[in-house]
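Architecture at a glance
Now for the letters of each chain:
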Amino acid sequence: MLLVVDMENTFITYESALTILEDHKDHFPTEERFLEDCVGAYLAEDLIADRDFPPFDRVTMDGICIAYKAFESGQRTFPIEATAPAGSPQQSLLDHSKCIEIMTGAIMPHGADTVIRYEDLKLENGQATIQLDALKFKQNIHFKGIDIGQGTTIVEKGEQLSSAEINVAAAIGKAKLMVKKLPKTVIISSGDELVTVAETPKLHQVRRCSVYGLRNTFKEWGFQPDLKHLPDDKVAMETIIKQLLKEYELLIFTGGVSKGKYDFLPDVLASLEVSKHFHKIQQRPGKPFWFGTSKDQKKIFALPGNPVSAYVCAYVYVQYWIKKSLGIISNTMFVALDEEVTFTPNLIYFLEGQLISDPNGIMKAKPMKGNGSGDYANLVKTDGFFVLPQNKTIFRKGEVFPFIPYRNKF
């Protein structure tokens, strides 16, 4: 007997969804940008040291430099032979019974090997007297190549560029960088109950909010998404989405993918020849999550309308797809439950949690259940989601589980 499965009512597993997303990852092209325009972009080349870091023996304190053997032999007062400011060519200490007055950042002179800071000196009549009984040989010097050697890869391609990486790029002379060109993105809300942020909603209305949170999330990921809105009208939706598919490469919908009478989005996407890869996942929150590809290989994600569900699906799945498309291998964050949790449905449970800094060095999070997937106010109290597995009911205090953060708290 042939078993017929209604695919529309089939809920796939969390693991299956990740596999499908990886199978349909993109390969973002590269582009060259000026360094000042690269913060938040993803590096498409290695950053390699073009010289030693530091490139010379660099003085780290303002003071004087001497030949240590003179101090070791008992000399404490040194006539000042010359002055070496930062940025000047390398000098030489010609007389080892004398010293050179030197500034932080200057190159260490030939013939000198030890720096004494001003705080440990008495300067008088062109002479410097050391007011210490002991010195460390070669103290207060940042030695050539001790940080990074010439030819060493400092930052590997794939990294998202923060101020730290931009600093390194500038130091190695990269006025321009090759970075990943991210897809042109739009985030689209739907529903006649939604009004603009500036409006005063009527009793039966709410302001559009989750799309603003999602846009900020995508900006943190390096994207610059536009915002659009769809009415609850099937014909109008089809017209608008058809145009959006021409203009954008990555489309993120919120709402309209469940089983409500006005949830037209799956049918509209099908009519526009968008291939569905999956629709529903065995999870809470965020079951009615939709993913597909247009006939010209543009990716479409349709998140649930409830804000918490939308957040979950964005951080768990869309972020996963982006990282796979960028070739990023990310480390899983693991966090211990700070309280026992009971969850009886046979579903993956994405439980909100508030991170706690443990003085013993153990990362913990307090579970913060909230009042369902519409309780977006609870998100301001929490820092991410526990990934609690299926086929388990009791999750004990102290047990460690994967944690997907959406806030850099510490």
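Located above this text is the structure these notes cover.
Residues numbered from 1 in each chain as written. Predicted model: local features only at pLDDT ≥ 70, side-chain atom pairs only at ≥ 80, totals over all residues. Heavy atoms only, no water.

Some details on helix α1 (residues 14-23)
All of the buried residues along α1 are Tyr14, Ala17, Leu18, Ile20 and Leu21. For α1, the angular spread of the buried residues around the axis is 160°, confining them to a single face. (Buried < 20%, exposed > 50% of the residue type's maximum accessible area, 1.4 Å probe, protein only. Helix = DSSP H or I, 4+ residues; strand = E, 2+ residues; numbered from the N terminus. Arc of directions from axis to C-beta.)

Regarding the sheet that holds strand β14 (residues 185-190)
Taken in spatial order, the six strands make up an open sheet running β17-β14-β18-β23-β22-β19, and their pairing is mixed. The outermost strands of the open sheet, each flanked by one partner alone, are β17 (226-230) and β19 (275-278). Looking at each pair of strands side by side, their axes are set apart by 25° on average, direction ignored. Judged from the five bridges that link them, strand β18 (residues 250-254) and strand β23 (residues 299-303) form a sheet pairing that is parallel. Counted as the bridge partner of Leu250 is Lys299 from β23. Sheet contacts for helix α4 (residues 210-220): β14, β17, β18 and β23; angle to β14, the most-contacted strand, approximately 165°. Of the strands in this sheet, β14, β17, β18 and β23 are in contact with helix α5 (residues 234-247), which crosses β17 at around 160°. (Pairing = 2+ DSSP bridges. Axes fitted to C-alpha atoms, helices over the stretch in contact; angles between N-to-C directions. Contact = heavy atoms within 4.5 Å.)

A word on the pairing of strand β28 (residues 384-388)
Burial analysis of β28 places five of its five residues in the buried class, the great majority of the element. Sheet topology note: the β28/strand β30 (residues 400-405) ladder contains three bridges and is antiparallel. When the bridges of β30 are listed, Gly384 appears paired with Pro405.

A short note on unusual backbone geometry
What you tend to see is this: most non-glycine residues have negative phi, and most peptide bonds are trans. Of the consecutive residues Phe53 and Pro54, the connecting peptide bond is found in the cis state with omega at -15°. Mapped onto the fold, Pro54 is located in the loop between β3 (47-48) and β4 (58-59). Across the junction of Arg284 and Pro285, the peptide omega takes the value -5°, indicating a cis bond. In this fold, Pro285 is placed in the loop between β21 (283-284) and β22 (290-293). Positioned with a positive phi, Asn125 is a non-glycine residue whose angle comes to about 55°.

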